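Descriptive structure summary
Each chain, written out:
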Amino acid sequence: MDVRLADRDLDVRIEVAAGEVLAVLGPNGAGKSTMLEIVAGLLRPDSGQVWVGGHLVTDTVKGIAVPPHRRGVSLLAQDALLFPHLTVAQNVAFGPRSSGLPVRGAREVAEDWLAAVDAVELSSRKPAELSGGQAQRVALARALAVDPRLLLLDEPMAALDVAVAPAMRALLRRVLREPIAGAEDRRGGRCAVLVTHDIIDALTLADRLVVVESGRVVESGPVAAVLARPRSAFAARIAGVNLIVGQAGAAAGGPDTDWVEGVVHAGDVAVHGRADRSWQPGKPAAAVFSPTAVSVHRQPPEGSPRNTFAVRIAELTDRGGMVRVQAADSSDGSAGLVADITPAAVAELDLSPGMWVHLAVKAVEVQVYPC
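Described in the following lines is the structure provided in the data block. Since the model is a prediction, treat every value here as computed from it, not as a measurement.

**Let's talk about the packing of helix H2 (residues 88-98) against helix H4 (residues 132-144)**
Here H2 crosses H4 at 25°, and the two axes come no closer than 7 Å. In terms of orientation, H2 lies roughly parallel with respect to H4. In this structure, H2 meets H4 at a crossing whose hand is right-handed. Here Val88, Asn91 and Val92 of H2 lie close against H4, whose contacting residues are Val138, Ala141 and Arg142. Looking at the contact of H2 with H4 residue by residue, the class counts come to four nonpolar, one polar and one charged.

**What to know about the sheet that holds strand S4 (residues 47-52)**
The sheet built from five strands is open, its strands ordered S2-S1-S4-S5-S6 with antiparallel pairing. The open sheet has two free edges, formed respectively by strand S2 (10-13) and strand S6 (64-65), since each of these has just one partner strand. In terms of strand pairing, strand S1 (residues 2-5) meets S4 through three bridges, oriented antiparallel. Within S4, the position partnered with aspartate 2 by the bridge is glutamine 49. Docked against the sheet, helix H1 (residues 32-40) engages S1, S2 and S4, running at close to 70° with respect to S2.

**Some points on the nonpolar core**
For soluble globular proteins, nonpolar side chains are generally found buried alongside one another. With 49 residues, the main nonpolar core has Leu25, Val92, Leu140, Leu151, Leu153, Met168 and Leu209 as its most contacted residues. A per-element tally of this core places H4 first, with seven residues. Those residues in contact with leucine 209, other than ones at most four positions away along the chain, are Leu22, Ala23, Leu25, Ala202, Glu219, Ser220, Gly221, Val223, Val226 and Leu227. Judged by nonpolar contacts, the second largest core, of 30 residues, contains Val271, Met355, Val357 and Val366.

Here is what the cut-offs are and how they apply
Residues numbered from 1 in each chain as written. Predicted model: local features only at pLDDT ≥ 70, side-chain atom pairs only at ≥ 80, totals over all residues. Heavy atoms only, no water. Axes fitted to C-alpha atoms, helices over the stretch in contact; angles between N-to-C directions. Helix = DSSP H or I, 4+ residues; strand = E, 2+ residues; numbered from the N terminus. Parallel < 35°, antiparallel > 145°, perpendicular 65-115°, else oblique. Left-handed = near helix turned anticlockwise from the far one by under 90°. Contact = heavy atoms within 4.5 Å. Nonpolar A, V, L, I, M, F, W, Y, C, P; charged D, E, K, R; others polar. Pairing = 2+ DSSP bridges. Core = buried A, V, L, I, M, F, W, Y, C linked by side-chain atoms within 4.5 Å. Buried < 20%, exposed > 50% of the residue type's maximum accessible area, 1.4 Å probe, protein only.

Here it is in structure tokens:
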């Protein structure tokens, strides 16, 4: 997929390999759902191409726009959107029947997929008789009953109760990772694109992660790699780390170490941290560090901490036994730094919103890398 849509400021290029699950994350309005609508054929781009399973389904130059029902794509959204006048079994059989399968064959396909999603006992019910979780299971069976080349998942757990979402996530993991008989790749060729706001979805379901901001892909790579070395504010936030982006400065370190001390210059701030020996001064670079590695001081600290930041506290929030000290956003609009400290430390320092404090983190606790 390589498409542009001017009125929504979307310009993206994304590829999904056979048998791969790609998670797409990003803030609201970033263009994630628009991407899925273009792939599904519900929205026409201004320019570009969309390929599905080796088939060209959209080409604005050649005038190709394959109808949604002929693309080999199934879309599962937040709302199940089941046909209210049909039973569960009839809903699932609708796709195979519309593709020309005889009634008996379509019924058998529906039974197989309802069994796969643990919903056989719901076969005779109407959608109005289903809970939210049950309706999503049926919607998933319906989406898979047409044997799609590509499964599009648009926040499928967002509308579910927090007690129901884990079961749906486990079901999706099983369905996406079960091999298809006769297929050569490790998950049988079933690939999926999962739009989500929940990092747990990406961690448990996806092989690769794409971060979209303002209609552009800003990060892409294996899930673990993106979260370990985020390059965007959104990825850093979901990874739970502090991120400072700037330019790489000179490095220091002896020949007997497997790492060097690099520095990232961001405005009037210089952040020192651990870098690998390929560190290149003058290149764009990022520094990341955990909120738990940050200490808070009323006065500038003395001693070993190499990195200190004077910040104003925006808020204090409970983090389940720890207190998160959230600094106000920077003057350039970037997110403020955060520190996680004990309630006892908050009491001892007598911290409160609006107060100016000094955050400190040792260089050894900071990872710096090119971006």
